[in-house]
Amino acid sequence: MENNNQQQISIDLPADVADGIYSNLAIISHSNSEFILDFVRMMPGTPKAKVMSRIILTPEHAKKLLGALQENVQKYEQNIGPIKTNNNPTIPIPNIGSGSAQA
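Quick caveat: nothing in here was measured; it's all calculated off a predicted structure. (Residues numbered from 1 in each chain as written. Predicted model: local features only at pLDDT ≥ 70, side-chain atom pairs only at ≥ 80, totals over all residues. Heavy atoms only, no water.)

1. What about the pairing of strand β1 (residues 25-30)?
With burial as the criterion, only one face of β1 is covered, namely that bearing L25, I27 and S29; the residues A26, I28 and H30 on the opposite face remain uncovered. With 6 bridges joining them, β1 and strand β2 (residues 35-41) adopt antiparallel strand pairing. Residue pairing across strands places H30 opposite F35, the latter belonging to β2. Counting the residues in the hairpin turn of β1 and β2 gives 4 residues. (Buried < 20%, exposed > 50% of the residue type's maximum accessible area, 1.4 Å probe, protein only. Helix = DSSP H or I, 4+ residues; strand = E, 2+ residues; numbered from the N terminus. Pairing = 2+ DSSP bridges.)

2. Structural notes on the sheet that holds β2
Spatially, β1-β2-β3 is the arrangement adopted by the 3 strands of the open sheet, whose pairing is antiparallel. Only two strands of the sheet have a single neighbouring strand rather than two, namely β1 and β3 (50-57). Across this sheet, the average inter-strand angle for adjacent strands is 20°, counted without regard to direction. Those strands touched by helix α2 (residues 59-79) are β2 and β3, and its axis lies near 110° from that of β3. (Axes fitted to C-alpha atoms, helices over the stretch in contact; angles between N-to-C directions. Contact = heavy atoms within 4.5 Å.)

3. Some words on α2
The terminal C-alpha atoms of α2 lie 30 Å apart, and with 21 residues this matches the ideal 30 Å at 1.5 Å per residue to within 8%. Looking at the residues trailing α2, positive phi occurs at G81, about 125°. (Expected span 1.5 Å × (residues − 1).)

4. Re the pattern of salt bridges
Summed over the entire model, instances satisfying the criterion amount to 3 salt bridges. Here R54 and D38 are joined by a salt bridge, their closest N and O atoms 2.6 Å apart. Of this pair, R54 sits in strand β3 while D38 sits in strand β2, placing them 16 residues apart in sequence. On the basis of relative accessible area, R54 is assigned to the partly exposed category, the value being 44%. Owing to a relative accessible area of 2%, D38 belongs among the buried residues under this scheme. Across the salt bridge formed by K75 and E71, the nearest N and O atoms sit 3.0 Å from each other. Linking K75 with E71, this pair stays in helix α2, spanning 4 residues, or about one helical turn. We classify K75 as partly exposed; its relative accessible area is 42%. Residue classification places E71 among the partly exposed positions, given a relative accessible area of 42%. (Salt bridge = Lys/Arg side-chain N within 4 Å of Asp/Glu carboxyl O.)

This is the structure we're talking about:
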């Protein structure tokens, strides 16, 4: 927590959500008022992918999520080692609904 004066909250994790959803691609798009994260599952050899979950965030919360992810990746790499990625950081993806997106 950023501030010691913040109140603790209790978070309920229902069993059907606790199992999680596998995604091997994230598509991120935005407008002036929101960021949309589509978590997609692509199967090898199939031309069609499926959006498994969509999360809509305010710009402020998107920036906080970015910071939290950066902090956690840094901790992971300190404990386990560097995460290897390919040399292509963005993959052009066809539009999903409206707007343009890249992952």
